[in-house]
Amino acid sequence: KLNDAKFCVATSSGTSALLTSLGALGVGPGDEVIVPPYTFMATVTVVLLHYAMPVFVDSDRETFLMDPRKLEQAITDRTAAIIPVHIGGAVADMDSILAIAKKRNVRVIGDACQAHLAQWRNRSAGSWGTSACYSFQLSKNLCSGEGGAILTNDEDMADKCHAFHNCCRRRNRSSGKTTYQGGRNTNVRMTEFQGALLLSQMEGVEERARIRSENAQYLTSMLREIPGIIPAKMYEGCTRNAYHIYMFRYQPEHFANLPRHKFIRALSAEGIPCSGGYGPLNKVDFIRDALHSRPYLRVYGKEAIEKWAERNECPENDKLCSEAVWFMQNMFLGPRSDMDEIAAAIRKIQAHAPALAAKA
Ligand SMILES: *Cc1c(COP(=O)(O)O)cnc(C)c1O
């Protein structure tokens, strides 16, 4: 209800929610699934688990999200699904993505694992597309240690997801009886124990989202004024950001060419926890190894596998991965004065950048 969705299938994790959504669509060997490169690895591991081919669409460096201008050219007659990821809790450009998906008759499965309560055009990010997947893993804005959920407004999709995640058992809504429904399936049900934890966490979820949002917006107003610090922009349709990760780009030329890793070290030394975030996912070994496995070579052929890396280059994302700096959501639950301390620490580093850059 909170996310404007008619149906919810509770799962063991965000990963299993994504696996189930793709399974419900019948994604399998020979299919292609479109993903962004700036995301947690699970967005791609689920594609590999179905022996489908991940196809990367480059990032928009301004927003850190899938660049919708590069989406259509990635669609082929093999494309079975597009997985836009609402990274950091900022919503992907759903107007453009859904319009292209509709035109080309491809399903959209949202990865909303970081986007609890985020909204696109004043409606939950989870209410757009065929389904949206959430995670309740311990780092997330709403958590039960591990856990996940699929939200959908499509009853047929809800039934298929339910069957896939429940060893193929389909529940008849009126009689309550279960029947077997054909197809590949698994057991990735959420436990009662996780459910109980989640229900207790639901209390205050709106309040915590509001505090994060107010603090993050205040921090943005200050960081915008610091040369060389570029907070991630939101698309105009993103009417609510979940701020799971606060993301900005760091430009060393405004800090006496102090490299990013030294900036991160100095900021950490000031007592501000931060990191450089994701590396380029399209270049990781586990994907290359999976593609060179026997089943992949058999299904797709050596030539296609060898051309894969070149077809999946994401130059904008490579740059983004070398510029990004992150703060995590829990830093935004404190008082507003915490934000002043973050901005002050960055200004202090900027003032001392020549000395810091000269040090080993
Ligand atoms: C956390 C996360 C997942 C996976 O969720 P788990 O519950 O950890 O399996 C998938 N995608 C994104 C973008 C995530 O942040």
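It should be noted that the structure appears before, not after, this text.
Now for a look at the structure at hand. (Residues numbered from 1 in each chain as written. Predicted model: local features only at pLDDT ≥ 70, side-chain atom pairs only at ≥ 80, totals over all residues. Heavy atoms only, no water.)

## Some details on the packing of helix α1 (residues 14-24) against helix α2 (residues 42-49)
The N-to-C vectors of α1 and α2 enclose an angle of 40°; their axes lie 9 Å apart at closest approach. As far as their axial angle goes, α2 and α1 are oblique. Seen along the crossing, α1 lies across α2 with a hand that is right-handed. Where α1 approaches α2, its residues T15, L18, L19 and L22 are matched on the opposing element by A42, T43, T45, V46, V47 and L49. A class-by-class count of the residues in the contact of α1 with α2 yields seven nonpolar, three polar and no charged. (Axes fitted to C-alpha atoms, helices over the stretch in contact; angles between N-to-C directions. Helix = DSSP H or I, 4+ residues; strand = E, 2+ residues; numbered from the N terminus. Parallel < 35°, antiparallel > 145°, perpendicular 65-115°, else oblique. Left-handed = near helix turned anticlockwise from the far one by under 90°. Contact = heavy atoms within 4.5 Å. Nonpolar A, V, L, I, M, F, W, Y, C, P; charged D, E, K, R; others polar.)

## Describing a nonpolar patch on the surface
A contiguous nonpolar patch, built from L2, L199 and M202 and spanning about 290 Å² of accessible area, is present on the exposed surface. As for its placement among the helices and strands, M202 is situated in helix α5 (residues 192-202). For M202, a relative accessible area of 36% gives the class partly exposed. (Patch = residues over 30% accessible without salt bridge, like charges linked within 9 Å, V, L, I, M, F, W, Y side chains within 5 Å. Areas by Shrake-Rupley, 256 points an atom, 1.4 Å probe, with all protein chains shown as cover. Salt bridge = Lys/Arg side-chain N within 4 Å of Asp/Glu carboxyl O. Buried < 20%, exposed > 50% of the residue type's maximum accessible area, 1.4 Å probe, protein only.)

## A short note on unusual backbone geometry
Its identity is not glycine, yet Y51 carries a phi of approximately 55°, on the positive side. When you line up the elements, Y51 lands in the loop between α2 and β3 (53-56).

## A closer look at the packing of helix α6 (residues 205-223) against helix α12 (residues 336-351)
The N-to-C vectors of α6 and α12 enclose an angle of 25°; their axes lie 9 Å apart at closest approach. Between α6 and α12, the angle falls in the class roughly parallel. Here the hand of the crossing between α6 and α12 comes out right-handed. From α6, N215, Y218, L219, M222 and L223 reach across to α12, where they touch R336, M339, D340, I342, A343, I346 and R347. Classifying every residue of the contact of α6 with α12 by side-chain character gives eight nonpolar, one polar and three charged.

## Topic: the packing of aromatic side chains
One pass over the full model with this rule turns up 14 aromatic pairs. Between Y246 and F327 the ring centres are 6.1 Å apart and the planes differ by 25°, which places this aromatic pair in the stacked class. You can see Y246 sitting in strand β16 (residues 245-250) and its partner F327 sitting in strand β17 (residues 324-328), a full 81 residues away along the chain. The residues Y246 and F327 share a single accessibility class, namely buried. Taking 4.6 Å as the distance between ring centres and 90° as the angle between the ring planes, the aromatic pair formed by Y278 and W326 counts as edge-to-face. Of this pair, Y278 sits in the loop between α7 (260-269) and α8 (285-291) while W326 is found in strand β17, placing the two residues 48 residues apart along the sequence. Classification of Y278 as buried rests on a relative accessible area of 14%. (Phe/Tyr/Trp six-rings, centres within 6.5 Å; stacked < 30°, edge-to-face > 60°.)

## Observations regarding the site of the ligand
The local shell around the ligand holds 15 residues, among which G14, T15, D111, S135 and K140 are the closest. Within the backbone of G14, an N or O atom sits 2.7 Å from an oxygen atom of the ligand. In the model, an oxygen atom of the ligand is placed 3.1 Å from a nitrogen or oxygen of the K140 side chain. About the coverage of the ligand: the protein hides 93% of its 380 Å² of free accessible area. The set of elements that each furnish at least two residues to the shell around the ligand consists of α1 and α2. For the shell around the ligand, a count of residues per class yields four nonpolar, nine polar and two charged. (Near = heavy atom within 4 Å. Polar contact = N/O pair within 3.5 Å; in protein donor to acceptor, adjacent residues only side chain to side chain.)

## Thoughts on the pairing of strand β2 (residues 32-35)
Neither face of β2 is exposed, since E32 and I34 on one face and V33 and V35 on the opposite face are all buried. In this fold, the crossover linking β2 to β3 by way of α2 has right-handed handedness. In terms of strand pairing, β2 meets strand β6 (residues 79-82) through three bridges, oriented parallel. Bridged to V33 within β6 is A81. (Right-handed = clockwise from strand over helix to strand, strands pointing away. Pairing = 2+ DSSP bridges.)

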